[in-house]
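# Examination of the molecular architecture
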Amino acid sequence: MQALEQEIKKLVIETLNLEDITPDDIDPAAPLFVEGLGLDSIDALELGLALQKTYGVAMKSDSQENRRHFASVRALADFVSAHRKA
Amino acid sequence: MMRRRVDRLGRIALQAAYTCQRDAPPCPGVFASRYGEMGRSVELLETLARAEPLSPTSFSLSVHNAMGALFSIARGDTTAYSAVAAGAETVEAAFVEACGLLADGAPEVQLVVYDEPLPRPFDSFTERRMVPHAWACRVRAAQAGSGVTLTCHGVDGDAPRAEPGDLEDDLAVLRFLVGGAAAYDHAVGSRLWRWRRDV
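Predicted, not measured: the structure shown is a model, and the values here were computed from it. (Residues numbered from 1 in each chain as written. Chains lettered and ligands numbered in written order. Predicted model: local features only at pLDDT ≥ 70, side-chain atom pairs only at ≥ 80, totals over all residues.)

### A short note on the overall build of chain B
Looking only at helices and strands, chain B has six helices and seven strands in total. For 199 residues, the compact-globule formula gives about 16 Å, and the C-alpha radius of gyration of chain B, at 18 Å, lands near that figure. The principal-axis extent of the C-alpha atoms belonging to chain B is close to 55 × 45 × 25 Å. Buried positions account for 29% of the 199 residues belonging to chain B. A separation of at least 24 residues holds for 72% of the contacts in chain B among residues at least 6 apart in sequence. (Helix = DSSP H or I, 4+ residues; strand = E, 2+ residues; numbered from the N terminus. Rg over C-alpha atoms; globule rule 2.2 N^0.38 Å. Buried ≥ 20, exposed ≤ 12 C-beta atoms within 10 Å, placed from the backbone. Contact = placed C-beta atoms within 7 Å.)

Here is the structure:
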């Protein structure tokens, strides 16, 4: 799981063009949006698309559920490992 | 956190905007670009043609007013701004827009002009060599006899087609504005734009 978390951190950095941030700077348990990394709704869409392309996981339109999956890198890793096709 | 989303032309444009703005009070802005971020549009269209999903970030920035919007959002400035594109007359249209805002009561208007070379497959439409560039200035009503006048004239009959100058249209205007020349005439189709320095 730690390897997947590391992989997702890299995906987040590359997909969102985060400048001057390395995977080690991201706390896997910290919030990704608003607080923590300070990402916004466009980032969420961009990240959803990248996860879909990379792992074949599709987000549902249920916003409560998505909120949970996108809470942190750790939550994303849990979601991906449960649903990945690739 | 917003800079990471902005490509080359946007960065150049916003650099000019921020440099011109400095600590001055917010004022209405006019963002003028003949072609805007055409590279982004081409990329989006190519993605569509391959039936692949579009990048939401790129899509959100593919509108002509994207740079004005970012400048406004990043600074939390709710002053009005507009985006202008008017072919070879883009700068003249931008100054007309600025004059409209001044006439409407704005004490000052910030103008940002930016363009970059057209990407393939549109690059064959350019008349001359283009370079990525941006410039900005603040426009205010002149004291009597110390400003610049811009007028537009209809040209009767077949006006001799103007030779494309050595500079891009907006840069030719910039050269007039910062140089010492008394006049600059810019013929576009059946219109003649006359820039004059008041003396």
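Still to come is the rest of the account.
### Focus: the overall build of chain A
Helix and strand content of chain A: four helices and zero strands. Going residue by residue from the N terminus, the α and β elements of chain A occur as α-α-α-α. Here chain A has a C-alpha radius of gyration of 12 Å; the compact-globule value for 86 residues is 12 Å, and the two agree. Its C-alpha atoms give chain A principal-axis dimensions of about 30 × 25 × 20 Å. Looking at chain A residue by residue over its 86 residues, the buried ones come to 27%. Across chain A, contacts joining residues at least 24 apart in sequence account for 65% of those joining residues at least 6 apart.

### Side note on helix α2 (residues 41-55) of chain A
Every α-helical turn comprises 3.6 residues, leaving residues that sit three or four positions apart pointing alike. End to end, α2 of chain A covers 21 Å across 15 residues, agreeing with the expected 21 Å (1.5 Å per residue, within 8%). All of the buried residues in α2 of chain A are D43, E46, L47, L51 and Y55 of chain A. Considered in projection along α2 of chain A, the buried side chains sweep an arc of 140° and stay on one side of the axis. In this structure, the buried residues of α2 of chain A make contact with α1 (2-15) and α4 (73-83) of chain A together with α3 (56-60) of chain B. After α2 of chain A finishes, the residue G56 of chain A shows a positive phi value of roughly 70°. (Expected span 1.5 Å × (residues − 1). Arc of directions from axis to C-beta.)

### A look at the environment of V112 of chain B
Relative to the helices and strands, V112 of chain B is located in strand β3 (residues 109-115). Among residues more than four places away in sequence, those in contact with V112 of chain B are A13, A16, A17, G29, F31, A32, A134 and A136 of chain B.

### Quick look at the sheet that holds β3 of chain B
Residue and element names in this part refer to chain B. The sheet built from four strands is open, its strands ordered β2-β1-β3-β4 with mixed pairing. Each having just a single partner strand, β2 (81-84) and β4 (133-139) make up the two edges of the open sheet. Strand after strand, the sheet turns through a mean of 15° between neighbouring axes, direction not considered. Packed onto the sheet, helix α1 (residues 8-21) meets β3 and β4 and runs at close to 30° relative to β4. (Pairing = 2+ DSSP bridges. Axes fitted to C-alpha atoms, helices over the stretch in contact; angles between N-to-C directions.)

### Quick look at the pairing of strand β1 (residues 29-32) of chain B
Residue and element names in this part refer to chain B. With burial as the criterion, each face of β1 is covered, one bearing G29 and F31 and the other bearing V30 and A32. Two elements, β1 and β2, share four bridges in a ladder whose sense is parallel. Note that in β2 the partner of A32 across the bridge is V84. Two elements, β1 and β3, share four bridges in a ladder whose sense is parallel. Within the sheet, the bridge partner assigned to F31 lies in β3 and is V112.

### Things to note about the environment of V178 of chain B
Here V178 of chain B shows up in helix α6 (residues 169-178). Separated by 148 residues in the primary sequence, V178 of chain B and V30 of chain B place their C-alpha atoms 19 Å from one another.

### Digging into the sheet that holds strand β5 (residues 148-154) of chain B
Residues and elements named next belong to chain B. Spatially, the three strands line up as an open sheet ordered β5-β7-β6, and their pairing is antiparallel. Looking at which strands have only one partner, the edges of the open sheet turn out to be β5 and β6 (183-188). Averaged over all neighbouring strand pairs, the angle between strand axes comes to 15°, with direction disregarded. Pairing of β5 with strand β7 (residues 191-197), which is carried by seven bridges, proceeds in the antiparallel orientation. Among the inter-strand pairings, G154 is bridged to a residue of β7, identified as R191. Across the face of the sheet, α6 comes into contact with β5, β6 and β7 while running at roughly 165° to β6.

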